[in-house]
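# Structural overview for review
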Amino acid sequence: MRKVPNNRAWWLVLPVFILVAFSALIPLMTVVNYSVQDIFGPNAAYFVGTDWFREVLRNESLQASLGRQVVFSTAVLLIEIPLGIGIALLMPTGGKRASLCLILLAIPLLIPWNVVGTIWQIFGRGDIGLFGRFLNEIGINYNYTADPVDAWFTVLLMDVWHWTPLVALLCYSGLRAIPQAFYQAAEIDRASRWAVFRYIQLPRLKSVLVIAVLLRFMDSFMIYTEPFVLTGGGPGSSTTFLSQTLTTMAVGQFDIGRAAAFSLVYFLIVLLVSWLFFTAITYPDRDK
Amino acid sequence: MTHSKRRGFGITFYILLLLLPIYWLLNMSFKTNQEILSSLTLWPQNFTFHNYAVIFTDPSWYDGYINSMIYVSINVVITLLVSLPAAYAFSRYKFVGDKHLFFWLLSNRMAPPAVFLLPFFQLYSSIGLFDTHIAVALAHCLFNVPLAVWILEGFISGVPREYDEMAYIDGYSFPRFFIKIFIPMIRSGIGVSAFFAFMFSWVELLLARTLTSVDAQPIGAIMTRTVGASGIDWGVLAAAGVLTIIPGLLVVWFVRNHVATGFALGRV
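Bear in mind the structure is a predicted one, so any value in this text is a computation, not a measurement. (Residues numbered from 1 in each chain as written. Chains lettered and ligands numbered in written order. Predicted model: local features only at pLDDT ≥ 70, side-chain atom pairs only at ≥ 80, totals over all residues. Heavy atoms only, no water.)

## Thoughts on the packing of aromatic side chains
As a reminder, the rule being used: In this analysis, rings of Phe, Tyr and Trp, with Trp reduced to its six-membered ring, are considered paired at centre separations within 6.5 Å, and the interplanar angle assigns stacked below 30 degrees, edge-to-face beyond 60, and tilted for intermediate values. Strands here are runs of E lasting at least two residues and helices are runs of H or I lasting at least four, both read from the DSSP assignment and numbered beginning at the N terminus. Only protein chains enter the calculation, and the probe is 1.4 Å; a residue is then buried if its accessible area is under 20% of its type maximum, exposed if over 50%, and partly exposed in between.
As enumerated under the stated definition, the model contains 42 aromatic pairs over all chains in all. Measuring from ring centre to ring centre gives 5.1 Å for Phe217 of chain A and Phe221 of chain A, while their planes differ by 35 degrees; the resulting arrangement is tilted. Residue Phe217 of chain A and its partner Phe221 of chain A are both found in helix H10 (residues 206-221); the two are separated by four residues, about one turn of the helix. For the residue pair Phe217 of chain A and Phe221 of chain A, the accessibility class agrees, reading buried in each case. With centroids separated by 5.6 Å and ring planes inclined at 35 degrees, the aromatic side chains of Phe174 of chain B and Phe178 of chain B adopt a geometry described as tilted. Note that Phe174 of chain B and Phe178 of chain B are positioned in helix H9 (residues 174-185) at a spacing of four residues, about one turn of the helix. Accessibility expressed as a relative area gives 10% for Phe178 of chain B, which makes it buried.

## Points about the domain arrangement of chain B
Residue and element names in this part refer to chain B. Which entries qualify depends on this criterion: Those domain boundaries reflect an automatic or database domain assignment. Joining two parts hides part of their accessible area as seen by a 1.4 Å probe, and the buried area is that hidden amount summed over both. Salt bridges are defined as contacts in which a side-chain nitrogen from Lys or Arg sits within 4 Å of a carboxyl oxygen from Asp or Glu. Gly counts as polar in this scheme, as do all residues outside two lists: the nonpolar Ala, Val, Leu, Ile, Met, Phe, Trp, Tyr, Cys and Pro, and the charged Asp, Glu, Lys and Arg.
Under the domain assignment, chain B is made up of domain 1 (1-48) and domain 2 (58-263). Computed from C-alpha atoms alone, the centre-to-centre distance between domain 1 and domain 2 is 31 Å. Among the residues domain 1 hides against domain 2, the three largest losses belong to Leu25, Ser29 and Asn33. Together they make up 56% of the total. The interface formed by domain 1 and domain 2 contains zero salt bridges. Class assignment for the residues of the side of domain 1 that touches domain 2 results in six nonpolar, two polar and no charged.

## Section: the nonpolar core
Keep this limit in mind: Residues enter a nonpolar core if they are buried and are Ala, Val, Leu, Ile, Met, Phe, Trp, Tyr or Cys, with the set joined through side-chain atoms within 4.5 Å. Whether two residues touch is decided by their heavy atoms; if any such pair falls within 4.5 Å, the residues are in contact.
Counting 185 residues, the largest nonpolar core has Ile111 and Trp120 of chain A together with Phe90 of chain B as the members making the most contacts within it. Ranked by residues supplied to this core, first place goes to helix H7 (residues 133-157) of chain B with 15 residues. Here this core spans two domains, since at least three of its residues come from each of domain 1 (1-48) and domain 2 (58-263) of chain B. Ignoring any residue separated from it by four or fewer positions in sequence, one finds Ile111 of chain A in contact with Val116, Ile119, Trp161 and His162 of chain A together with Ile22, Val203 and Ile245 of chain B.

## Let's talk about the environment of Thr248 of chain A
Mapped onto the elements, Thr248 of chain A comes out in helix H12 (residues 242-252). Expressed as a C-alpha distance, the spacing of Thr248 of chain A and Phe22 of chain A, which sit 226 residues apart in the sequence, is 25 Å.

## Observations concerning the UniProt feature "transmembrane region" (unreviewed entry) in chain B
The criterion, for reference: UniProt positions are given in the numbering used here, feature names are shortened, and annotations may be inferred rather than shown by experiment.
With numbering aligned to this structure, UniProt lists the feature "transmembrane region" (unreviewed entry) at residues 7-26, 69-90, 102-121, 133-156, 177-203 and 234-255 of chain B. What you have in residues 234-255 of chain B is 95% helix and 0% strand, and the ends, taken at the C-alpha atoms, are 33 Å apart.

## Re the environment of Thr279 of chain A
Residues and elements named next belong to chain A. Worth spelling out the cut-off: Identification of polar contacts relies on pairs of N or O atoms within 3.5 Å, with a donor-acceptor requirement for protein atoms, meaning one able to donate a hydrogen and the other able to accept it, and with residues adjacent in sequence counted only if both atoms are side-chain atoms.
Turning to its location among the elements, Thr279 is positioned in helix H13 (residues 256-282). Sequence-wise, Thr279 and Val210 are 69 residues apart; in three dimensions their C-alpha atoms are separated by 9.8 Å. At a separation of 2.5 Å, a polar atom in the side chain of Thr279 contacts the main-chain carbonyl oxygen of Trp275.

Written out as structure tokens, the structure is:
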């Protein structure tokens, strides 16, 4: 769309600007302020420069938490993106059945995150949960509260259950936007199903896949409530991800300076990786 | 034919797997605690509404749903009111700093809520909004407004400029054109944005729980009460969980025809 230069348009974005400045800029400045000070009391704060940042970057438990977070987000993307594309390809192309499919797929997305945790907490239990009981009955020793591997498996499975529908719905809308003529041309050329997918469907899915990868990366990197309810970060700290570490530090231990420095590093990582994803996926379009 | 049958089978199988954990929650919500703990039954043997009765008769329970509904509604209204003009401006005009502003807005969607926990708590406490619905609604604007601006910008860019120019020639003032002509034209976009604002505000708990204590406490925070000295009240917990799913189902029903485009954020 061609856009008209008009600086009075600022009046239209002013409400958003004020609102977001209030709810993002002021808190962010507070965080920056804390991150360079050591605060003992209301009138006893000392400027410490980059000390907190240095400490945070060297802190081993934070590094371990970051490592787990990276593994988790990578696994989430590697499982959910292909699975979501596959499901979108299976979905009916129109009519009442398609509407029904869409609504049913959307259900997990509309459940409050703590309830998602509760659902899996119940479902995976060895005594009262269908899933945990089933695994134990067929001879698999499964206990997500005691075994770190089982806990990881359950948290991952929960996330796949929770968010794959989002990827599927995004891809579904991308697929619906492909004109029928493309498929007819492929049929005339006797293209194989794989060729249709590789050269017609996949390229057309790119714009929605950018959104899917970005949303899934950001949200999995910020995950807090679901694993907190399901495993509480345990056993030990095997499923403690960055948000939980940060929340414990800021609210639990009230370790403000360190938590603030950590917050900024955390935010920067999310921004940087999102930018990298965005640039990497859209790079080939640059020259066009 | 066999191919499409196999597809139908595949998607049905997936949806059944998807619904199984939810069925288990529903199943448990109609059982007595004694039945839940004594044996694994695939459907309730002693069907009971007791767990739901506990929630519907106790104000400290159902107030949680009312609180959540109130702050979610306020959030949706604020989000739409500020996002609509902004999305229009981003879609139609070039102005100083427009790209920077747009990316700055989006970057807030990437901010982990945990980062803002402490500053939000202090900010809202200092201006006397702690434990009010409006505080949670404003806090949720952090991620809902950028998303709404993004979605609406996509939908608005799908409406040709010529409509705006024609309305000008016909003598419409900008506010009148915007309300009378433009908003009806992008109503599916507005519906979808409202749906997303509802969804992300309804499912969020970390900020909502931190900014409230009694008067505006969300249902998610109240649900932790089921963990008592005598163990967990599984039946009531399950019933409370089932009741949190229903508002989402109602809302998705209204936007079902636009939900696919909506999930692509109006950008397909």
